[in-house]
Amino acid sequence: MCLDMLRHKKKVLLLLLMMATGSIVYYLYTLKLERERDANISSTTSRLEREISELQAVFESEVIPDLGALGRPARGNWSDAELEAIGRSQRETGYNAWLSKRISAERTLYDMRHRSCKKLEYSLEKLPSVSVVITYHNEDASVLLRTLSSLRNRTPVLLLREIILVDDGSSSVDQKLNDFLQIKFLNMVRQHRIATQVGLMQARVVGAELALADVLVFLDSHVEVTKGWLEPLLEPILKNNRTCTTPIIDTIDYENFGYRRGKPSRGFFNWQFNYIQLPLLKEEAVAMPAPHKNPIMNGGLFAIGRQWFSELGGYDKGLKIWGGEQFELSLKLWLCGGQILEVPCSRVGHLYRDGKFQVRYTDKEKTKESRMISRNYRRVAEVWLDEFKDKVFANMPHLTVIPVGNLAEQRELKKRLHCKPFSWFLQNLASDFLNLYPILDPAEYASGVLQSLSSPKLCLDLNESRNDRPKLSPCSSDHIFPKPEQHWTLSNHRELRSGTYCLEVRNQGKDVYKFHCHGQSGNQFWSFDSKTRQVISGQMLDFRHCLEAQPKKNLVTSSVCDPKNNNQQWKFGYQNSQRLRHFWDNIKTQ
Ligand code: UD2
Ligand code: MN
């Protein structure tokens, strides 16, 4: 029995010993595991840190402190090589992307709001939060980063639910940029890529469908928002959820990124579908900076309720790539029970490209850009302008021969939403517009041939076969109704027009070209002096030149006006002397 007990004790002891050794081994093992894990974590952390600093080196290392701060023009003493790089980047993108890389994405901006805007107070809890939707196609990374940083730095956190960034089939995926955006704007930016470009309209609709907040704010990918930009855009929507609001659009200079003040205005389109800005009505100017009606929005920057945008069907799905969608949405908004208000207390800067730069946005079928825009315009005119579409078609006859696609869905929507006719829009929002752009044009100032008085056998000829410069050719026998190439009008818009072409000056007024009429005066502004018989380019006194015949070369040029120079004397087939007497009424000349 004693022996038994002894044996049992030994067993227990052995068991205890084994358990103790086991625990020690287990402890040592877990210790090893922990050490390994720590080592892993620190190597992951240092890898992440390394990655972040590598990305910062790519996107931020060239920033020059304070360059462009407060929105001042960014200037420097650039070397020849740098100037060449600047030129190259401007030719490629239409703006100085080289310089943009050197201006901080976080740069400060001067607060240029109207005094009383700064005093306004908003209770943020009552305002809806927003999903900002930005679509882009081949945007420069530094410009895009500045857009996003300005949004993060100047939007109350409580109101900014998310930024939805839609890459509309940019030519290549910039993985480094995508990673950097995720790190820099953690939990704020949601990225979505559309593999093949669908155009800004459809890309915006895709963004809107991903959005979670009650209000959508659409922005171009090259903007900078300023202090207090969002709150005043939201208040009118809170009052009436069928309201769309637009900020005042300031200009970011494409050469030096200087931030310039834009004016409050009422947007419109003329009868050639150019976007134009009309001054505020008297009572609106007096009430500044209270929000005022904006007949047609510029297109790129606006806030709208998500529900209302979807009831309106977003954009017409037949609109492709670029252009015309701002007219479609504006008309739809007004005619189908909504409104657009411009809110002067909200200011957003937009980088307008160099006017000479032709953006190349083509769709996957590589349709010529002008064709695509024409098709978009025709869709808008057919669906929304009723009988007034003829007025646009008269100015842009090429629209009528372009295939317009199926319009059934748009017409159906117009019926379903009980939208009003376009005549309502003209009556209610366009009294001043109709004075400037009447439906029935008064007689032109002059028309028929433009005959050179120094070589009376020669007349100005559109030169249909060559596509850039007009020429001189033997005059048609009928001076009042000559052949089309010699039929010119000094039009009500003070342009020298033949069909859809206008004469324009380039190279500081020295060269004369023919180009599609742009309806914006500027280098297509012409007048006729009945006394000196000169045909004069330029509205402002300081920039005038006279059309000059070069009979030996059968060409025309434009040079310093000299009343004694016979080559500068012309005669129209028909001159409306009564109208010519009032040519300069209400026209600014200096
Ligand atoms: C103006 C509008 C723009 C749009 C356009 C007419 C402003 C400030 N801008 O011209 O928003 O209404 O008129 O269509 O009012 N994009 C794509 N996919 C494309 C083409 C463009 O995502 O296939 C993007 C582009 O990167 C930019 C935005 O759409 O972010 C607008 O294009 P834009 O800047 O070339 O137009 P913009 O400002 O000349
Ligand atoms: Mn733009």
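If you're wondering where the values come from, they're calculated on a predicted model, not measured in any experiment.

Quick look at the overall build of the chain
Phase 1 of the analysis: Counting secondary structure elements, the chain contains 17 helices and 24 strands.
Phase 2 of the analysis: Against the globule reference of 25 Å for 590 residues, the chain gives a C-alpha radius of gyration of 33 Å, more extended than a compact globule.
Phase 3 of the analysis: Overall size of the chain, expressed as C-alpha extent along the three principal axes, is 145 × 60 × 50 Å.
Phase 4 of the analysis: Restricting the contact set of the chain to residue pairs at least 6 apart, pairs at least 24 apart contribute 73%.
Phase 5 of the analysis: Total accessible area on the chain stands at roughly 30500 Å², and carbon and sulfur atoms take up 54% of it.
Phase 6 of the analysis: Of the charged side chains in the chain, 81 are positive and 67 negative, and the gap between their average positions amounts to 1 Å.

Things to note about the site of ligand 1
Phase 1 of the analysis: Taken together, 22 residues are adjacent to ligand 1, and D168, Q197, G323, E325 and Y361 come closest.
Phase 2 of the analysis: With respect to ligand 1, the side chain of E325 contributes an N or O atom lying 2.4 Å from an oxygen atom.
Phase 3 of the analysis: At a separation of 3.1 Å, an oxygen atom of ligand 1 approaches a polar side-chain atom of H350.
Phase 4 of the analysis: Protein chains bury 94% of the 730 Å² of accessible surface belonging to ligand 1 in isolation.
Phase 5 of the analysis: Put simply, the parts of the chain that give the shell around ligand 1 at least two residues each are strand 1 (130-136), helix 7 (200-210) and helix 11 (325-335).
Phase 6 of the analysis: Here the residues of the shell around ligand 1 sort into five nonpolar, twelve polar and five charged.

Topic: the domain arrangement of the chain
Phase 1 of the analysis: The domains assigned to the chain are domain 1 (369-436) and domain 2 (446-580).
Phase 2 of the analysis: Between the C-alpha centres of domain 1 and domain 2 there is a distance of 32 Å.

Focus on the side chain of N270
Phase 1 of the analysis: As for its placement among the helices and strands, N270 is situated in the loop between strand 8 (266-269) and strand 9 (275-278).
Phase 2 of the analysis: Classification of N270 as buried rests on a relative accessible area of 2%.
Phase 3 of the analysis: Within polar-contact distance, the side chain of N270 engages the backbone nitrogen of N274 at 2.9 Å.
Phase 4 of the analysis: Those residues in contact with N270 that sit more than four places away from it in its chain are I276, F433, Y437 and G519.

Side note on helix 12 (residues 369-384)
Phase 1 of the analysis: End to end, helix 12 covers 23 Å across 16 residues, agreeing with the expected 22 Å (1.5 Å per residue, within 8%).
Phase 2 of the analysis: Remark: D386 follows helix 12 within two positions and exhibits a positive phi of approximately 50°.

Describing the packing of helix 5 (residues 141-154) against helix 6 (residues 175-184)
Phase 1 of the analysis: Close contact between helix 5 and helix 6 brings their axes to 12 Å; oriented N to C, the two are set at 15°. Regarding the angle of helix 5 to helix 6, the classification is roughly parallel. Judged by the sense of rotation from one axis to the other, the crossing of helix 5 with helix 6 is right-handed. Between helix 5 and helix 6, the contacting residues are A141, L144, L145, L148, S149 and R152 on the first element and L177, F180, L181 and K184 on the second.
Phase 2 of the analysis: Partitioned by chemical class, the residues of the contact of helix 5 with helix 6 number seven nonpolar, one polar and two charged.

Digging into the environment of V58
Phase 1 of the analysis: Topologically, V58 is positioned in helix 1 (residues 2-60).
Phase 2 of the analysis: Taking C-alpha positions, V58 is 9.0 Å from L177, a pair spaced 119 residues apart along the chain.
Phase 3 of the analysis: With sequence-adjacent residues up to four places away left out, V58 is seen in contact with K101 and K176.

With respect to the state of the cysteines
Phase 1 of the analysis: For the structure shown, the criterion picks out five disulfides.
Phase 2 of the analysis: Paired through a disulfide, C336 and C419 show a sulfur-sulfur distance of 2.1 Å. Sign of the S-S torsion, about 105° for the bond between C336 and C419, identifies this disulfide as right-handed. Highlighted residues: C336 in the loop between helix 11 and strand 12 (339-351) and C419 in the loop between helix 14 (408-416) and helix 15 (422-429), separated in sequence by 83 residues.

Focus: the pattern of salt bridges
Between side chains of opposite charge, pairing is possible as soon as their charged atoms come close.
Phase 1 of the analysis: As enumerated under the stated definition, the model contains 25 salt bridges in all.
Phase 2 of the analysis: The partner of E60 in a salt bridge is K184, and the shortest N-O contact between them spans 2.9 Å. Of this pair, E60 sits in helix 1 while K184 sits in helix 6, and the two are 124 residues apart along the sequence.
Phase 3 of the analysis: Note on K184: relative accessible area 18%, which makes it buried.
Phase 4 of the analysis: Among the ionic pairs, D432 bridges to R266, the shortest N-O distance being 2.5 Å. With D432 in helix 16 (residues 431-436) and R266 in strand 8, this residue pair connects regions lying 166 residues apart in the sequence. In this structure, D432 and R266 share a single accessibility class: buried.
Phase 5 of the analysis: Salt bridges sharing partners connect three or more residues here, namely E60, E106, R152 and K184.

Thoughts on the coordination of the manganese ion (ligand 2)
Phase 1 of the analysis: The coordination sphere of the manganese ion (ligand 2) contains the protein donors D220 (OD), H222 (NE2) and H350 (NE2), at a distance range of 2.2 Å.
Phase 2 of the analysis: The exposure class assigned to D220 is buried, which follows from its relative accessible area of 19%.
Phase 3 of the analysis: Relative accessible area serves as the criterion here: at 7%, H222 is assigned to the buried category.

Conventions and cut-offs
- The numbers attached to residues start from 1 for each chain and follow its sequence in the written order.
- Chain A is the first chain written and ligand 1 is the first ligand written, with later ones labelled in order.
- Note on the predicted model: pLDDT of at least 70 is required for a residue's local features to be given, and 80 or more for side-chain atom pairs to be given and counted; whole-chain, interface and lining totals, by contrast, use all residues.
- Each side-chain value is worked out from all heavy atoms of the structure, with water and hydrogens disregarded.
- Numbering of helices and strands starts at the N terminus; helices are DSSP runs of H or I of at least 4 residues and strands are runs of E of at least 2.
- Radius of gyration here uses only the C-alpha atoms, and the compact-globule reference equals 2.2 Å multiplied by the residue count raised to the power 0.38.
- Every residue pair with non-hydrogen atoms within 4.5 Å of one another is taken to be in contact.
- Surface exposure here means Shrake-Rupley accessible area, sampled with a 1.4 Å probe, where a residue is shielded only by the protein chains that are shown.
- For the charge count, each Lys or Arg is scored as positive and each Asp or Glu as negative, with His and the chain ends excluded.
- Each charge is placed at NZ for Lys, CZ for Arg, CG for Asp and CD for Glu.
- Nearness here has a simple test: a residue counts as near a molecule or strand if at least one of its heavy atoms is within 4 Å of that partner.
- In the analysis that follows, any N or O atom pair within 3.5 Å is treated as a polar contact, provided that within protein one partner can donate a hydrogen and the other can accept it, and provided that, for residues neighboring in sequence, both atoms belong to side chains.
- Gly falls in the polar group here, along with every residue not listed as nonpolar (Ala, Val, Leu, Ile, Met, Phe, Trp, Tyr, Cys, Pro) or charged (Asp, Glu, Lys, Arg).
- Note that the domain bounds were set by an automatic or database domain assignment.
- Exposure classes here rest on a 1.4 Å probe applied to the protein chains alone. A residue is buried below 20% of its type maximum, exposed above 50%, and partly exposed in between.
- Helices are assigned an expected span. That span is 1.5 Å times one less than the residue count.
- Under this scheme, a helix contributes an axis fitted over its contacting stretch, all axes are lines through C-alpha atoms, and angles between N-to-C directions fall in the 0 to 180 degree range.
- Small angles under 35 degrees read as roughly parallel and large ones over 145 as roughly antiparallel, with 65 to 115 read as roughly perpendicular and the rest as oblique.
- Helix crossings get a hand from a simple test, with the near helix turned counterclockwise from the far one by less than a right angle marking a left-handed crossing and a clockwise turn marking a right-handed one.
- Here, two cysteine sulfur atoms that lie within 2.5 Å of each other are counted as a disulfide.
- Salt bridges are counted wherever a side-chain nitrogen of Lys or Arg sits within 4 Å of a carboxyl oxygen of Asp or Glu.
- Each metal site lists N, O and S donors within 2.8 Å (3.2 Å for Na, K and Ca). With water left out of the atoms, a site can look as if it is missing ligands.

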